[in-house]
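Structural overview
Single-letter residue listing:
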Amino acid sequence: MENVALVTGCSSGIGLETAVALAREGHFTFATMRNLKKAETLEKIVKDENLPISILELDVDNKESMDNAIEKIMEQKGRIDTLVNNAGWGMWGTVEDVSIDEFKEQFETNFFSIVRMIQKIAPIMRKQKSGSIVNVSSVAGRIGFPVSPAYISSKFALEGLSECLRFELSPFGINVITIEPGVIKTNFFDSMKMAKKSDSNSVYNDITSKVISGVKMMAEMGTEPKEVANAILKSINDKNPLPRYIVGNDAMMFLEAKKMKTDIEFENYIKKELYGE
Ligand SMILES: NC(=O)c1ccc[n+]([C@@H]2O[C@H](COP(=O)([O-])OP(=O)(O)OC[C@H]3O[C@@H](n4cnc5c(N)ncnc54)[C@H](OP(=O)(O)O)[C@@H]3O)[C@@H](O)[C@H]2O)c1
């Protein structure tokens, strides 16, 4: 039987590479994005390689858009075997500088949209008695550092959600997998929003600029998004998938350090690595 996949956030980066990798392996892939005007790069690859990809509109912040996309997929294929919750973005700004509305906006895309997708698609997978739900988290879902608490908290929340969900869905034959990339070379850092209060008048101006330039330097040496796509493919092909797949040497290094060091040693290590203190 044909495997059907749904990937969110396929206009660029990890989502685009994942849709292409899944389709190259023969999965019929619904590559979704909120703005179809950004489909040109993917359309060209689909045409050049004659890939089994259908591009659909899906803004994960919009319930109606989500319902419409899932309805179209069910009408066309009648099943969903793989769901990759990839769409996401980040926000700079310290806890004091990010307003509650900005925290909510960040959580809406990076966390609540994923809960909504799962609540719509888990019943379909339960009926099939099979499926894989892949949540694209981040090394920032396991490590805190200053100046992006909204983003980091949303990914920590996603890690918690995924851990709970594995227990709940495994009796129905559904695998839940978390992907933890380090710094990946995509549009992500250029698309990051800045909290409104995070301007030159902020008392956190100094640490904000230090962290942003530290992360941007790391981004220049980042891992290619293809590697994340390959990890996602491996995770769904594994007979007994692991709870989490780490991608990138930087992510490995940070998570290994977290395991080996005491909490205080780890804090000092992060300060040194990230902004040289
Ligand atoms: N790059 C990294 O270093 C890194 C590291 C760890 C984890 N991640 C995670 O990887 C995922 C993909 O990011 P990326 O690195 O590939 O960055 P990217 O190239 O900026 O891609 C982000 C994708 O998410 C989409 N998106 C954002 N809000 C959306 C919404 N409301 N509805 C539908 N799509 C939406 C974007 O669409 P538009 O083009 O319309 O904005 C874009 O397609 C994110 O969840 C991110 O947190 C990235």
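Computed from a predicted structure; not experimentally measured.

Helix length check: helix α8 (residues 225-237), at 13 residues, gives a terminal C-alpha distance of 19 Å against a target of 18 Å (1.5 Å per residue), a fit within 8%. Restricting attention to buried positions, one finds in α8 the residues Pro225, Val228, Ala229, Ala231, Ile232, Leu233, Ser235 and Ile236. Buried residues along α8 sit in contact with α1 (13-24), β4 (82-85), β6 (131-136), β7 (174-181) and β9 (244-247).

With that out of the way, let us pick up the site of the ligand. Among the 30 residues in the neighbourhood of the ligand, the closest are listed as Ser11, Arg34, Asn86, Tyr151 and Thr186. At a separation of 2.8 Å, an oxygen atom of the ligand approaches a polar side-chain atom of Ser12. Interatomic distance of 2.9 Å between a backbone N/O atom of Val60 and a nitrogen atom of the ligand. When isolated, the ligand has an accessible area of 890 Å², and the protein chains bury 95% of it.

Right, let's talk about the packing of helix α9 (residues 249-260) against helix α10 (residues 263-275) for a bit. The contact between α9 and α10 brings their axes to 9 Å, and the two run at 155 degrees. When the axes of α9 and α10 are compared, the pair comes out roughly antiparallel. The two elements α9 and α10 meet at a crossing, and its hand is right-handed. Counting all contacts with α9, which are made through Met253, Phe254, Ala257 and Lys258, the residues of α10 involved are Phe266, Tyr269, Ile270 and Glu273. Within the contact of α9 with α10, the residues separate by chemical class into six nonpolar, no polar and two charged.

Analysis parameters
- Residues numbered from 1 in each chain as written.
- Predicted model: local features only at pLDDT ≥ 70, side-chain atom pairs only at ≥ 80, totals over all residues.
- Heavy atoms only, no water.
- Helix = DSSP H or I, 4+ residues; strand = E, 2+ residues; numbered from the N terminus.
- Expected span 1.5 Å × (residues − 1).
- Buried < 20%, exposed > 50% of the residue type's maximum accessible area, 1.4 Å probe, protein only.
- Contact = heavy atoms within 4.5 Å.
- Near = heavy atom within 4 Å.
- Polar contact = N/O pair within 3.5 Å; in protein donor to acceptor, adjacent residues only side chain to side chain.
- Areas by Shrake-Rupley, 256 points an atom, 1.4 Å probe, with all protein chains shown as cover.
- Axes fitted to C-alpha atoms, helices over the stretch in contact; angles between N-to-C directions.
- Parallel < 35°, antiparallel > 145°, perpendicular 65-115°, else oblique.
- Left-handed = near helix turned anticlockwise from the far one by under 90°.
- Nonpolar A, V, L, I, M, F, W, Y, C, P; charged D, E, K, R; others polar.

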